[in-house]
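# Inside the fold
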Amino acid sequence: MTLLNALTKASRIIKKRNTLPILENVLLEPEENGTTVTATDLEMRYQATVEGLTIPEPFTVSCELLLKVLKNAKNIQRFEYDKDKKKLYVNGIELNTLPADEFPVSPMETVDIDEYIEVPLTRLEYLKKAMSKDKTRYNLNGIFVDTEKGNLVATNGSRLHLMPNITVPAAPAIIPGDAVEFLHKAKAENVWLPKKKECDCDDGYRKWEQLTEKELADCKERIYLLWRRNHRRRRKS
């Protein structure tokens, strides 16, 4: 994946008017085979690896400005980060940066990725047509991943769309509406959810209608977006 492609996808979840300026930036981190590009709006998190691009240390830079520079450039002759001046130079253009430690920490960085499992996504365009557009209806504004019965389900209360054959041992969860829209635009093939664990429910798992508003908020924080070709597991220091 090129840096231009990664920034184009990252820009889709960055809101134009953020109360936190750091959320308008993308995080660039050095990796063994390239550079990891990360963007978040605190509900969703996008991450991709640009192979062949090297930087000396992590930093953040405005996604909008860097994307504009790359779109106007026919080719990148210079992509250099000055650690002393904290400036990024792309060809003849100088961009200000912010420290990487100001970028929001992902919930995925506080847990073991081995506790999560990959769930395939199918027919998102079909499913999202049935989900409620009302964001105050937390349990209907999204797609329910019913891993117990093996279905992806969306409904607005008057019609229901269902896709079968999701047979993985993940915990049931709801992918919120904003995440569904982003996943569909980015043509994502999968999403990572927590592995299924024992719970106090009589039937062994929490049914969709039993989820409370607080639990739904927890589900949102646990969703981790993943692209099969671009994902690189974070190395342990």
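Parameters at a glance
- Residues numbered from 1 in each chain as written.
- Predicted model: local features only at pLDDT ≥ 70, side-chain atom pairs only at ≥ 80, totals over all residues.
- Heavy atoms only, no water.
- Helix = DSSP H or I, 4+ residues; strand = E, 2+ residues; numbered from the N terminus.
- Areas by Shrake-Rupley, 256 points an atom, 1.4 Å probe, with all protein chains shown as cover.
- Pairing = 2+ DSSP bridges.
- Axes fitted to C-alpha atoms, helices over the stretch in contact; angles between N-to-C directions.
- Contact = heavy atoms within 4.5 Å.
- Phe/Tyr/Trp six-rings, centres within 6.5 Å; stacked < 30°, edge-to-face > 60°.
- Buried < 20%, exposed > 50% of the residue type's maximum accessible area, 1.4 Å probe, protein only.
- Core = buried A, V, L, I, M, F, W, Y, C linked by side-chain atoms within 4.5 Å.

Counting secondary structure elements, the protein contains five helices and 14 strands. About 13400 Å² of surface is accessible on the protein, with carbon and sulfur atoms providing 47% of the total.

For the rest of this paragraph, the subject is the sheet that holds strand 2 (residues 34–40). If you walk across this open sheet you meet the seven strands as 3-2-1-4-7-6-5, and the pairing is antiparallel. Because the sheet does not close on itself, it has two edges, and the strands there are strand 3 (45–51) and strand 5 (79–82). Averaged over all pairs of adjacent strands, the angle between their axes in this sheet comes to 30°, without regard to strand direction. As paired elements, strand 1 (residues 25–31) and strand 4 (residues 59–62) share four bridges and run antiparallel to each other. Paired with Leu28 across the bridge in strand 4 is Phe59. Sitting on the sheet, helix 1 (residues 3–10) touches strand 1, strand 2, strand 3 and strand 5, and the angle it makes with strand 3 is about 175°.

For the coordinates displayed, the defined rule picks out two aromatic pairs. Aromatic pair Tyr46 and Phe182: ring centres 6.2 Å apart, planes at 80°, arrangement edge-to-face. Residue Tyr46 is found in strand 3, and its partner Phe182 is found in helix 4 (residues 177–185); the two are separated by 136 residues along the sequence. Judged by relative accessible area, which is 0%, Tyr46 ranks as buried. Note on Phe182: relative accessible area 3%, which makes it buried.

Although it is not a glycine, Lys86 adopts a positive phi angle of roughly 60°. Along the chain, Lys86 turns up in the loop between strand 5 and strand 6 (87–90). Overall, the relative accessible area of 40% leaves Lys86 in the partly exposed class. With a phi close to 55°, Asn91 is a non-glycine residue in the positive phi region. Among the structural elements, Asn91 can be located in the loop between strand 6 and strand 7 (93–98).

Formed by 51 residues in total, the largest nonpolar core has its most connected members in Leu7, Val26, Leu66, Phe79 and Leu88. The biggest single contributor to this core is helix 2 (residues 63–72), with five residues. Residue contacts for Leu7: discarding those within four places in its chain leaves Val26, Val37, Cys63, Leu66, Leu67 and Leu70.

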